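# Structure assessment
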Amino acid sequence: MAIKKLEEIRLNVQPVSIEFVHEYVFEGPCRFGKGDALTKPFDEMVNEEKFQDWYTQLKAHMHEDVVNLLPPIRIHGTEDWYIKDEEVRKIITDATPGVEVDLYFSVELGRVFLLNYEVARLTDKPWAMVQACCYTANSCAQHRARGIEYIPFETWEAAEDYMVVLRAKKALKNTRILCAIRNNSSVSVSSSDSIIDPDKTMDEVFGARQRTISAHELLDQTSYGDPMGNHCTPGRKGLNFTEEDAKEIERQTRELIDNAQEVRMSEEAVKKSVEMRYAIHKFMEANDCNCYAAPCGDICSTRRMNEQQVTMCLNHALNNEEGIPSACEYDLAALISMVMLQSIGRRPSYMGNTYAIPRQKDGKHIPFPKMPFFDKEETARQLAKLENVDNLVLTFHSVPNRRWTSYDAPVRPYAIGPFTHSGWGATIRYDFAADEGQVVTMCRVDPTCKKILIAKGTIVGGLGYGSVNCSEGVFFEVKDVHTFWKYQMDCGNHVPLIYGDFEDQLVQLAESLGLEVLRA
């Protein structure tokens, strides 16, 4: 199946060299030099050298996995100072037919300040330039004052880093979330801290869209039955499994089991969760979506998951490690945050309930929550090991990844265990304690999409590897747990994380979107 992944998106960057040559020989306040240096051929020679130097640097810092660097446009001006609009439009249009440019990256060779603006105003796209003496400040100020987005860079390294941010911004604009909902709800009963009015807010702030389907239709068609005979859509052809689908489901099930260190449930029970994921992918492809979310609690209460003995945990875990952001509990705030993290870090993210564990006045950590799925003895052992950690936070859910540093990294050791005590609902179980010392970056947008919590931490332990339900968790230490908790209260429960330090680029992305950054 061919889901168009956000990871495949590249930033279309159009190089533009705006070059000044003198038609006549003269000297004065706008012309310097003597002899041949005052001739047109000399100007052309100098411009060519400067262009080649600039273009060499540009190519070196625009990496292919981030940028699609288009053939350069070279626009020439003279001491007449102006160029006709129709000439500029033709040059721009003819350069890259059929390609939508995301960013014009310019260099100015000579006094073309006003000419640069005359070109930029016809494009309706952002422009960028690397520091080049007085040219950069002149162009940046005049463009911004006239309402054109202009991005100046102090160094080529800064430009290289920011291309990652702009690619992530483009990924957000191309985010299409398949939402398998019940009762056409816009807010999950278990994640009511998600985005308010997501159709409007997500589109306005990020450019992201959601496309909803009925959870009942999804569950109906997670079957090998007659595609014309589904209960919810009788007489309409559904996306039920074909013979070829059945073979692929068998293959994926065996691969998942064979690569596991330990399997604590039957092959048939694992297969049911693989079937659930396969059906979700068919619906995603049919609806041209690249992300997924569903309200687990809302659907759970119908008893249909119990009847079909499936959960969506395995789907979320495998989706995320494949580059398909996938969120539990129809938490679109978490999902958008995961898109941001994965688009910046180019690796899987992990979401879960996030619980700050500060110390009380007596110096002890606050009591651990009495959740039915936490093993009391294991929890006590783990907290005892972490007694000396001052700024402790726990994130827990049943959707960890097997890969953490890239989408094609080797699979790390994992187990397959049931979500339920009765042995169904496959989940990946991962021992986060094996990654102690690993730096993680996390974020979460608030329900209004006006603020974002951004933080960094270091893994100090794990929890729930041998358990069931949502007990799988990772302990990490943040800079200040009190600030973290304070900002989390504005943003919500699930705070997704990613392995690695991407805090600065995440802040840049948030600021470019106009979000208020709550940095903890």
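Before any of the text, the structure's been laid out above.
Presented here is an overview of the structure given in this document. The structure displayed is predicted, hence computed values, not measured ones.

### What to know about the side chain of Arg304
Assignment of secondary structure puts Arg304 in helix α11 (residues 304-308). Polar side-chain contacts of Arg304 include one of 3.3 Å to the backbone oxygen of His216.

### What about the sheet that holds strand β9 (residues 262-263)?
Taken in spatial order, the three strands of this open sheet run β9-β15-β16, and their pairing is mixed. Each having just a single partner strand, β9 and β16 (426-429) make up the two edges of the open sheet. With two bridges connecting them, β9 and strand β15 (residues 415-418) associate as parallel partners. For Val263, the partnering residue across the bridge sits in β15 and is Ile416.

### So, the packing of helix α13 (residues 332-345) against helix α16 (residues 503-512)
Contact pair α13 / α16: the axes reach a minimum separation of 10 Å and the direction vectors enclose 125 degrees. Taken as axis vectors, α13 and α16 run oblique relative to one another. When the axes of α13 and α16 are compared, the crossing they make is right-handed. Between α13 and α16, the contacting residues are Met340, Leu341 and Ile344 on the first element and Gln505, Leu506 and Leu509 on the second.

### What to know about the packing of aromatic side chains
The relation between two aromatic rings is expressed through the spacing of the ring centres and the mutual angle of the planes. Summed over all chains, the structure comprises 18 aromatic pairs. When the ring of Tyr350 is compared with that of Trp404, the centres are 6.2 Å apart and the planes differ by 80 degrees; the resulting orientation is edge-to-face. With Tyr350 in strand β12 (residues 349-350) and Trp404 in the loop between β14 (392-396) and β15, the pair connects residues that are 54 residues apart, well separated along the chain. The same class applies to Tyr350 as to Trp404, namely buried. Between Tyr430 and Phe432 the ring centres are 5.3 Å apart and the planes differ by 75 degrees, which places this aromatic pair in the edge-to-face class. Among the aromatic side chains, those forming a connected cluster through ring pairs are Tyr350, Trp404, Tyr430, Phe432 and Tyr499. The positively charged end of Arg264 is found above the aromatic ring belonging to Tyr465, 5.0 Å away from the centroid.

### Concerning the sheet that holds strand β10 (residues 291-293)
Sheet strands line up and pair through hydrogen bonds in the backbone, either parallel or antiparallel. With parallel pairing, the four strands of this open sheet are ordered in space as β8-β7-β10-β11. If you trace the sheet from one side to the other, it starts and ends with β8 (209-214) and β11 (326-327), each paired once. Its contacts with the sheet place α13 against β7 (176-181), β8, β10 and β11, and it is angled at close to 155 degrees to β10.

### Some words on the packing of helix α9 (residues 267-286) against helix α12 (residues 313-321)
What describes two packed helices is the angle between their axes and the distance between those same axes. Where α9 meets α12, the closest approach of the two axes is 8 Å, and the angle between their N-to-C directions is 60 degrees. It follows from the interaxial angle that α9 and α12 lie oblique. The handedness of the crossing between α9 and α12 comes out as right-handed. Of the residues in α12, those in contact with Ser273, Val274, Arg277, Ile280 and His281 of α9 are Leu314, Asn315, Leu318 and Asn319. Its residues assigned to classes, the contact of α9 with α12 shows four nonpolar, four polar and one charged.

### Points about the environment of Val21
Assignment of secondary structure puts Val21 in the loop between β1 (11-20) and α1 (40-61). With a relative accessible area of 5%, Val21 lands in the buried category. Here Val21 is in contact with Lys40, Asp43, Glu44, Asn47, Gly77, Thr78 and Glu79, once residues within four sequence places are set aside.

### Re the nonpolar core
Among the nonpolar cores identified, the biggest contains 104 residues, and Phe105, Met163, Phe206, Met340 and Phe475 are the most heavily contacted of them. With 37 residues, the next largest nonpolar core counts Val270, Tyr278, Cys289 and Met312 among its residues.

### Observations concerning helix α15 (residues 481-491)
Every buried residue of α15 is listed here: Val481, Phe484, Gln488 and Cys491. Down the axis of α15, the buried side of the element spans an arc of 80 degrees, and every buried residue falls inside it. Its buried side turned inward, α15 meets β13 (353-357), β14, β17 (439-445), β18 (451-463), β19 (473-478) and β21 (516-519). Between the side-chain oxygen of the N-cap and the backbone nitrogen of His482 there are 3.2 Å, and the N-cap of α15 in question is Asp480. In the segment just after α15, Gly492 is the residue with positive phi, at about 125 degrees.

### Overview of unusual backbone geometry
Unlike most non-glycine residues, Gln309 shows phi in positive territory, near 55 degrees. Considering the arrangement of structural elements, one finds Gln309 in the loop between α11 and α12. Positive phi outside glycine occurs at Cys449, with the angle close to 60 degrees. Topologically, Cys449 is positioned in the loop between β17 and β18. On the basis of relative accessibility, which here comes to 3%, the residue Cys449 falls in the buried class.

### Some details on the pattern of salt bridges
Within the structure shown, the criterion is met by 30 salt bridges. Linking Asp245 and Lys282 is a salt bridge whose minimum nitrogen-to-oxygen distance equals 2.7 Å. Within this pair, whereas Asp245 is found in helix α8 (residues 243-258), its partner Lys282 is found in helix α9, the two being separated by 37 residues in sequence. For Asp245, a relative accessible area of 9% puts it in the buried group. Of the residues examined, Lys282 reaches a relative accessible area of 15% and is grouped as buried. The salt bridge partner of Arg403 is Glu321, with a shortest N-O separation of 3.0 Å. In this pair, Arg403 sits in the loop between β14 and β15 while Glu321 sits in helix α12, placing the two residues 82 residues apart along the sequence. Each member of the pair, Arg403 together with Glu321, is buried. One network of salt bridges, in which partners are shared, links Lys456, Asp501, Glu503, Asp504 and Arg519.

Conventions and cut-offs
Residues numbered from 1 in each chain as written. Predicted model: local features only at pLDDT ≥ 70, side-chain atom pairs only at ≥ 80, totals over all residues. Heavy atoms only, no water. Helix = DSSP H or I, 4+ residues; strand = E, 2+ residues; numbered from the N terminus. Polar contact = N/O pair within 3.5 Å; in protein donor to acceptor, adjacent residues only side chain to side chain. Pairing = 2+ DSSP bridges. Axes fitted to C-alpha atoms, helices over the stretch in contact; angles between N-to-C directions. Parallel < 35°, antiparallel > 145°, perpendicular 65-115°, else oblique. Left-handed = near helix turned anticlockwise from the far one by under 90°. Contact = heavy atoms within 4.5 Å. Phe/Tyr/Trp six-rings, centres within 6.5 Å; stacked < 30°, edge-to-face > 60°. Buried < 20%, exposed > 50% of the residue type's maximum accessible area, 1.4 Å probe, protein only. Lys NZ or Arg CZ within 6 Å of the ring centre and 35° of its normal. Nonpolar A, V, L, I, M, F, W, Y, C, P; charged D, E, K, R; others polar. Core = buried A, V, L, I, M, F, W, Y, C linked by side-chain atoms within 4.5 Å. Arc of directions from axis to C-beta. Salt bridge = Lys/Arg side-chain N within 4 Å of Asp/Glu carboxyl O.

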